[in-house]
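Coordinates in review
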Amino acid sequence: MELLGTLGPLLLMFVLFYFLLIRPQQKRQKAVQQMQSDLKKGDKIVTIGGLHGFVDALDEGKVVIKCGDGSRLTYDRSAIREVVAASETQN
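Residues numbered from 1 in each chain as written. Predicted model: local features only at pLDDT ≥ 70, side-chain atom pairs only at ≥ 80, totals over all residues. Heavy atoms only, no water.

**Here we look at the pattern of salt bridges**
Counted according to the given criterion, the structure contains 4 salt bridges. Between Arg72 and Asp56 there is a salt bridge whose closest N-O contact spans 2.6 Å. Of this pair, Arg72 sits in strand β4 (residues 72-76) while Asp56 sits in strand β2 (residues 52-58), and the two are 16 residues apart along the sequence. For the salt bridge of Glu82 with Arg81, the shortest nitrogen-to-oxygen distance reads 3.5 Å. Glu82 gets classed as partly exposed once you look at its relative accessible area, which sits at 36%. A relative accessible area of 44% means that Arg81 is categorised as partly exposed. (Salt bridge = Lys/Arg side-chain N within 4 Å of Asp/Glu carboxyl O. Helix = DSSP H or I, 4+ residues; strand = E, 2+ residues; numbered from the N terminus. Buried < 20%, exposed > 50% of the residue type's maximum accessible area, 1.4 Å probe, protein only.)

**Brief notes about the nonpolar core**
The tendency in soluble globular proteins is for nonpolar side chains to be buried as a group. With 7 residues, the main nonpolar core is built from Met35, Leu39, Ile45, Val55, Val63, Ile65 and Ile80. Setting aside residues no more than four positions away along its own chain, Leu39 makes contact with Ile45, Leu58, Val63, Arg77, Ile80 and Val83. (Core = buried A, V, L, I, M, F, W, Y, C linked by side-chain atoms within 4.5 Å. Contact = heavy atoms within 4.5 Å.)

**So, the packing of aromatic side chains**
Two aromatic rings, taken as a pair, are described by how far apart their centres are and by the angle between their planes. Scanning all chains against the criterion turns up 1 aromatic pair. Ring centres 5.2 Å apart and planes at 85° place the aromatic pair Tyr18 and Phe19 in the edge-to-face group. Tyr18 sits in the partly exposed class, given a relative accessible area of 30%. Of the residues examined, Phe19 reaches a relative accessible area of 48% and is grouped as partly exposed. (Phe/Tyr/Trp six-rings, centres within 6.5 Å; stacked < 30°, edge-to-face > 60°.)

**Considerations on the sheet that holds strand β3 (residues 62-66)**
Strand pairs in the sheet, formed through backbone hydrogen bonds, run parallel or antiparallel to each other. Spatial strand order, β4-β3-β2-β1-β5: 5 strands in an open sheet with antiparallel pairing. Edge positions in the open sheet fall to β4 and β5 (80-85), since each of these has one partner strand only. Sheet twist, expressed as the mean angle between neighbouring strand axes with direction ignored, is 45°. (Pairing = 2+ DSSP bridges. Axes fitted to C-alpha atoms, helices over the stretch in contact; angles between N-to-C directions.)

**With respect to the pairing of β3**
Side chains of β3 alternate between two faces, with Val63 and Ile65 buried and Lys62, Val64 and Lys66 left unburied. Direction of pairing for β2 relative to β3: antiparallel, over a ladder of 4 bridges. Along β3, the bridge assignment pairs Val55 with Ile65. The antiparallel hairpin formed by β2 and β3 contains 3 residues in its connecting segment. Pairing analysis gives 5 bridges linking β3 to β4, with the strands arranged antiparallel. Along β4, the bridge assignment pairs Lys62 with Asp76. Turn length for the β3-β4 hairpin, with the two strands adjacent in sequence and antiparallel, is 5 residues, and the turn residue Gly70 shows positive phi of about 95°.

**Some points on the environment of Ile22**
Turning to its location among the elements, Ile22 is positioned in helix α1 (residues 2-37). Relative accessible area serves as the criterion here: at 37%, Ile22 is assigned to the partly exposed category. Sequence-wise, Ile22 and Gly61 are 39 residues apart; in three dimensions their C-alpha atoms are separated by 27 Å.

Here is the structure:
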């Protein structure tokens, strides 16, 4: 009985940490990976550095982004923070 009294608060703390910190972080990470894998040509995106542009070409691990001045920059897929507007065309 004494063992349950000492391990109880420790187990309760672990369960709280899991549901309040670990699980939500895993869900966010999964959503970001899904968004990065669903990128398609024409999507308006923002990179982790704050660069706004359109997806011009896709490769396995890289994305070519067309900026407002017409320049094309190559980034890793993991550098894409969010898709602001999905492209209208279906590929």
